[in-house]
Structure formats: structure tokens, C-alpha cells
Amino acid sequence: MDSEIAVDCSPLLKIYKSGRIERLMGETTVPPSSEPQNGVVSKDVVYSPDNNLSVRIYLPEKAAETGEKLPLLVYFHGGGFIIETAFSPTYHTFLTAAVSASNCVAVSVDYRRTPEHPISVPFDDSWTALKWVFTHITGSGQEDWLNKHADFSKVFLSGDSAGANIVHHMAMRAAKEKLSPDLNDTGISGIILVHPYFWSKTPIDEKDTKDETLRMKIEAFWMMASPNSKDGSDDPLLNVVQSESVDLSELGCGKVLVMVAEKDALVRQGWGYAAKLKKCGWKGEVQVVESEGEDHVFHLLKPDCDNAIEAMHKFSGFIKGEN
């Protein structure tokens, strides 16, 4: 029967034996706004007509008046590849604040979610979106806001949790495949990984969580997203830090900001990623910022708290070249 539950991951989602997915959070959406919110206007644009996928673009209102070129932020939402969208109140609020603080143009990417569309679909959709963004590099793309206002010499990718995982893979792929024939390099200046969702079957160091129940829960989420993964959470798509098959030396950007939270189960993965970058021969600069006393994606859940305001200051400063 359709009412029989196969997997209960409350308060996030339930999967029924019939295969039906009931997402318990992240399903509410808000429309874009032509009326400035925090000095920022927004609109939705389809980037993949075949799959009916859109991005939400954010622009400081004053830039629309002056016509100035601004840094470009491409953002990938989190949610374990399973929940949330680019159009939820959580991400609309965050991107509006980030654009206001950073004085940039932002493109927030919506991608098809697992388990209905298993890994690697979210990665493939994200790459399609990124390539669509770069069709505007010569000022002759589909979307005027990007043609007129995006400075393609200052492109930053960011995302939180699963979205940060996507960002890493986009920067790796950009080093191997050109995002645009008009580029001489990857086209990506820097990336910001916010509480990145990397994981492994064994603890990464002595400070990593040894709680087996928690570790199994995090792995189970990955197996829902990637049911065909032979290695479970040691899949190189997830085990970026410990996997010997993952070479970070070709990461396609010049600087990296890793943001972690002290009480987040993923915190040691973020530190480990930065350490691996420093050791692997990658030529860029990496820094880590840790929010003390905070848990996973706290800044989205309580954006007005002091630590979230400080995190936003670090985030925007990275885009503005202040740190």
C-alpha cells in the first residue's frame, strides 16, 4: 500500500514502499521580486527547456540604474541532493542578503533531485547551468542582466552542504572541459564551500565523530541519493578528502574559502579538504573559517544571529577581494 513507509528520515523526508517520496521540508517556494528586497531584485529564467529547469538571478537595484559590471556568483543549494530548491524562502533570503553584502550578480541554480533522479543527475544539471551562464561571456546571451552586469573576470562558485560538494566537482570539471570557447582558463576565480558534504566510511582524523549511528545515517543519505554507488560513502564523488583517486592539484580556480561549523558532523571533512589542497601541489590559496558553537547550515536557519552575520561578512569579503 502507498501508506506503508520504507524509510523514515523525519523531519526531512519519508520514502514509501510504493516508491513515493514525501519531502517534509524545503518544498515551500517564494516568487522572484521585481520590487527591491534589501536593495536586490530577482527573476527566474529557464536554462534547460528540455528538463524545465530554471535559475533565479539576483541583481542589486542600483546596478540596474548605473549599468556597472559586478562580480558573478553562481550558487548551488544544499539539502543532501534530496530536499530544498533554489526557490525556497531559505535560499531566497540567503541569496538576497549575499548579493546585497557582496555587491554582485548571483545565479542560484535549481537542479533535479535524487532519488527520483539519482547521482549523477544533479551534477549534470549543474554543469548544464554553469555552461548556460557562460554563454553570456561575450554579452550576447539569453539573459540581459548577465549580458550587461556580469563581470566574467570575477566568477565565484558557492554552495552549502551538498551544494558545496557540487561546487567542488564543477571546479574540477572546469579544469578539464572548457565552459566557453572564449576562455583561456577555467573562468572561475574562486570557490566558497559552506559546510561541505564530503564523507567517508572511516573517521578522517582523531577529532572526527566516532558515533556509528550518526555515521551510518550520513552514509544512508548518500545511498538514497546514489543507490548505484558500489563503494557507499567511499565513493570518490563523496569521499573527496581521503580517496587516493581524487587529485585536487588540478582544481580549477585560484582561491578557495572553506567555511565550517564547530558542532557540524562534517566539520573535519572541511578542514581535511583544505589540508589536502595545501599538500597536493595545487597553486592557489585556501583559507578556512570556523564558526564556534554552531551546527550544520546554522546561518540558513538563524541568519540574524551574530555568527551568521560574521559568516556573511567573510563570505562577501571573499567575493569583494577583501580577504
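Residues numbered from 1 in each chain as written. Predicted model: local features only at pLDDT ≥ 70, side-chain atom pairs only at ≥ 80, totals over all residues. Heavy atoms only, no water.

K.L.:
Summarise the packing of helix H3 (residues 121-134) against helix H5 (residues 162-174); cite the residues concerned and give the values.
P.N.:
Between H3 and H5, whose axes approach to 10 Å, the crossing angle comes to 60°. The orientation of H3 with respect to H5, classified from their angle, is oblique. As H3 packs across H5, the resulting crossing turns out to be right-handed. Counted together, Phe 123, Asp 124, Ser 126, Trp 127 and Leu 130 of H3 and Asn 165, Ile 166, His 169, Met 170, Arg 173 and Ala 174 of H5 form the full contact between these two elements. (Axes fitted to C-alpha atoms, helices over the stretch in contact; angles between N-to-C directions. Helix = DSSP H or I, 4+ residues; strand = E, 2+ residues; numbered from the N terminus. Parallel < 35°, antiparallel > 145°, perpendicular 65-115°, else oblique. Left-handed = near helix turned anticlockwise from the far one by under 90°. Contact = heavy atoms within 4.5 Å.)

K.L.:
Explain the layout of surface pockets residue by residue, including any values.
P.N.:
When its volume is computed, the largest pocket comes out at roughly 820 Å³. Taken together, 28 residues make up the lining of the largest pocket; nearest its centre are Leu 12, Ser 161, Phe 221, His 296 and Val 297. For the lining of the largest pocket, the secondary structure elements donating two or more residues are helix H2 (89-102), helix H6 (212-225) and helix H8 (298-301). The class makeup of the residues in the lining of the largest pocket is 15 nonpolar, seven polar and six charged. (1 Å grid on protein atoms, 1.4 Å probe; cavity = no way out; pocket = protein on both sides within 12 Å on 5 of 7 lines; lining within 4 Å. Points joined across faces, edges and corners; volume = space filled by probe spheres on them. Nonpolar A, V, L, I, M, F, W, Y, C, P; charged D, E, K, R; others polar.)

K.L.:
An account of the side chain of Ser 108 is requested, with residue identities and associated values reported.
P.N.:
One can find Ser 108 in strand E7 (residues 105-109). We classify Ser 108 as buried; its relative accessible area is 1%. Those residues within four positions of Ser 108 in sequence are excluded, and the remaining contacts are Ser 54, Val 55, Arg 56, Tyr 58, Tyr 75, Ala 86 and Leu 95. (Buried < 20%, exposed > 50% of the residue type's maximum accessible area, 1.4 Å probe, protein only.)

K.L.:
So, helix H9 (residues 306-320): which residues are in play, and what are the values?
P.N.:
The end-to-end C-alpha distance of H9 is 21 Å, a good match for the 21 Å that 15 residues give at a rise of 1.5 Å each. Along H9, the residues that are buried comprise Ala 308, Ala 311, Met 312, Phe 315, Ser 316, Gly 317, Phe 318 and Ile 319. Backbone geometry just downstream of H9 places Gly 321 in the positive-phi region, at approximately 80°. (Expected span 1.5 Å × (residues − 1).)

K.L.:
Lay out H5 in plain terms, naming residues and giving numbers.
P.N.:
In a regular helix each residue adds 1.5 Å, so 13 residues correspond to 18 Å; H5 covers 18 Å between its end C-alpha atoms and thus fits that length. For H5, the buried fraction is high: 12 of the 13 residues fall into the buried class. Buried within H5 are the following residues: Ala 162, Gly 163, Ala 164, Asn 165, Ile 166, Val 167, His 168, His 169, Met 170, Ala 171, Met 172 and Ala 174. Close packing links the buried residues of H5 with strand E6 (70-76), H3, strand E8 (150-160), strand E9 (190-194) and helix H7 (267-279).

K.L.:
Which residues make up the packing of aromatic side chains, and what are the values?
P.N.:
A full pass over the atoms with the stated rule returns nine aromatic pairs. Measuring from centroid to centroid gives 5.4 Å for Tyr 75 and Phe 94, while their planes differ by 50°, and the two rings are tilted. With Tyr 75 in strand E6 and Phe 94 in helix H2, this residue pair connects regions lying 19 residues apart in the sequence. Looking at Tyr 75, the relative accessible area reads 0%, which means it is buried. Arranged with centres 5.1 Å apart and planes meeting at 20°, the rings of Phe 198 and Tyr 273 form a pair that is stacked. Separated by 75 residues along the polypeptide, Phe 198 in the loop between E9 and H6 and Tyr 273 in helix H7 bring together distant segments of the chain. Each of the two residues, Phe 198 as well as Tyr 273, counts as buried. What links up through ring pairs into an aromatic cluster is the set Tyr 75, Tyr 91, Phe 94 and Phe 315. (Phe/Tyr/Trp six-rings, centres within 6.5 Å; stacked < 30°, edge-to-face > 60°.)

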